[in-house]
Amino acid sequence: MEKNVLPKKIKIAIFLMLAIGILAFVQFIFMISMIKMGLSQIDYPQYSILTVILKNLEILLVAILFIVFAYFLKKRKKWAWFAAMVILLKETVAGIKAIPLLFSVQLPHLGYLMEHLPPLISIFLLIAMIASLFSYILVLLSLIILISERKKYWQIAS
Amino acid sequence: MIYLIIFTFITFILAFTLKLLIAYFFIKLFNKEKSFWLIFKPILLYELGVFCFFIINPVSLIYFLVPQQIIHHIFLFPVYFIISIIILFLIFKFIMKKFSLLDFKKALFVFFIIFIIITQIISFSKKMVDYEVAKRIPASEELFEELLALRSFQQESYYGLDFSYYGPMSPDIIILKKVDRLSEIFLGSKFLTDLYFFLYSIFVLVY
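Computed from a predicted model, the values in this text were never measured in an experiment. (Residues numbered from 1 in each chain as written. Chains lettered and ligands numbered in written order. Predicted model: local features only at pLDDT ≥ 70, side-chain atom pairs only at ≥ 80, totals over all residues.)

1. Notes on the overall build of chain B
No. 1: Looking only at helices and strands, chain B has 8 helices and 0 strands in total.
No. 2: Traced from its N-terminal end to its C-terminal end, chain B shows the element sequence α-α-α-α-α-α-α-α.
No. 3: Counting only residues that meet the buried cut, chain B has 17% of its 207 residues in that class.
No. 4: Here the analysis covers contacts within chain B between residues at least 6 apart in sequence; of these, 72% occur between residues at least 24 apart. (Helix = DSSP H or I, 4+ residues; strand = E, 2+ residues; numbered from the N terminus. Buried ≥ 20, exposed ≤ 12 C-beta atoms within 10 Å, placed from the backbone. Contact = placed C-beta atoms within 7 Å.)

Below you can see the structure in the form of structure tokens.
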């Protein structure tokens, strides 16, 4: 193997992390739009856009961090591997903890919500749920690849 | 309100710096010949490790075993509490051993004194200072009212979903909560509450 060439699997993991970052960013935009539009439909106090952004700051931060770490992984930085592991593990643990909530609360009420919410918000809700499920699969995949290819990456990283 | 946020953040930075300095001087007692950076770097690494640990929070997965049952939380909390402290100590011990600063007994002693006792005193002092200042700000009355409203709202639900996330909150409260989260991680400000719940859980289990 040539010293400066990234292994193919690592390239896939970097691409997956980039995809997760973009998906999280899309999710952030959808969440903001959904909350702003959804709350205007029900009798509930309205938020300023700053409050909505602050409430969803974590998703935005995760999106930015995934893209930044993917960039530094491509630059063969050793610390980027550890940072990527931390954020991937965080997402994995958060995903596992969300499973009971998904099956006991969210999925049983999804049909009811789809019926009663305005069509545009229902579509947004569905897209946001599918995007989060899809990004969770990508998180698991990139985590597995980065762990299995760690020795190859450490050899070429600085 | 912006002054209260800045003040809370400044007290957090000061308290954290004080904690780092006390930890430095304590470790320096056992390593008089070592330079400043050789002692300070492991301490910073430990704090980074603690940050990563709380960000990932793997121990909270034990609640996944029996979700949404308060009685089970009382059984699981002692396990959660003890495992968390053991992992934090192992991170500390690993870093101290890696940098050849402290052996097991000394690491245990320093960990107990610095991160369990002194950090709690610093954290409690910070809380008291913040509270005394917050009381003197006229706008803080509205803030407390909003916090109370939020607490009562969290017990409600909407369409069977937990909508506490969408509870009434001003940007100021959100930022204050984020600074508070930093205090929880780096100053262990929730430790005393956790310790109280730990003892309570043990009491419930025994009787």
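2. A look at helix α7 (residues 171–187) of chain B
All names here are of chain B.
No. 1: For α7, which comprises 17 residues, the first-to-last C-alpha distance of 24 Å matches the rise-based estimate of 24 Å (1.5 Å per residue) to within 8%.
No. 2: Buried residues of α7: Ile-173, Leu-176, Ser-183, Phe-186 and Leu-187, and no others. For α7, the buried positions fall inside an angular range of 155° around the axis, keeping them on one side.
No. 3: Phi for Gly-188, located one or two positions after α7, is positive at around 55°. (Expected span 1.5 Å × (residues − 1). Arc of directions from axis to C-beta.)

3. Remarks on the environment of Ile-156 of chain A
No. 1: Structurally, Ile-156 of chain A is set in helix α6 (residues 150–156).
No. 2: Owing to 16 C-beta atoms within 10 Å, Ile-156 of chain A belongs among the partly exposed residues under this scheme.

4. With respect to the environment of Glu-47 of chain B
No. 1: Tracing the chain through its elements places Glu-47 of chain B in helix α2 (residues 36–56).
No. 2: A tally of 17 C-beta atoms within 10 Å means that Glu-47 of chain B is categorised as partly exposed.

5. Here's the deal with the nonpolar core
Residues and elements named next belong to chain A.
No. 1: Formed by 31 residues in total, the largest nonpolar core has its most connected members in Ala-13, Met-17, Ile-20, Phe-66, Phe-69, Leu-73 and Ala-84.
No. 2: If you list the elements that add at least two residues to this core, you get α1 (8–41), α3 (57–74), α4 (78–116) and α5 (119–148).
No. 3: It is α1 that provides the largest number of residues to this core, a total of 12 residues.
No. 4: Apart from the residues within four sequence positions on either side, Ala-84 is in contact with Met-17, Phe-69, Leu-73 and Leu-146. (Core = buried A, V, L, I, M, F, W, Y, C linked by C-beta atoms within 7 Å.)

6. Details of unusual backbone geometry
All names here are of chain B.
No. 1: Backbone geometry places Asn-57, a non-glycine residue, at a positive phi of 50°.
No. 2: Positionally, Asn-57 belongs in the loop between α2 and α3 (62–65).
No. 3: On the basis of neighbour counts, which here come to 16 C-beta atoms within 10 Å, the residue Asn-57 falls in the partly exposed class.
No. 4: Look at Ser-100: it is not a glycine, yet its phi comes out positive at around 50°.
No. 5: Following the sequence through the fold, Ser-100 ends up in the loop between α4 (70–98) and α5 (104–135).
No. 6: Residue classification places Ser-100 among the exposed residues on the basis of 11 C-beta atoms within 10 Å.

Take it as geometry only, folks, not as evidence of what the structure does.
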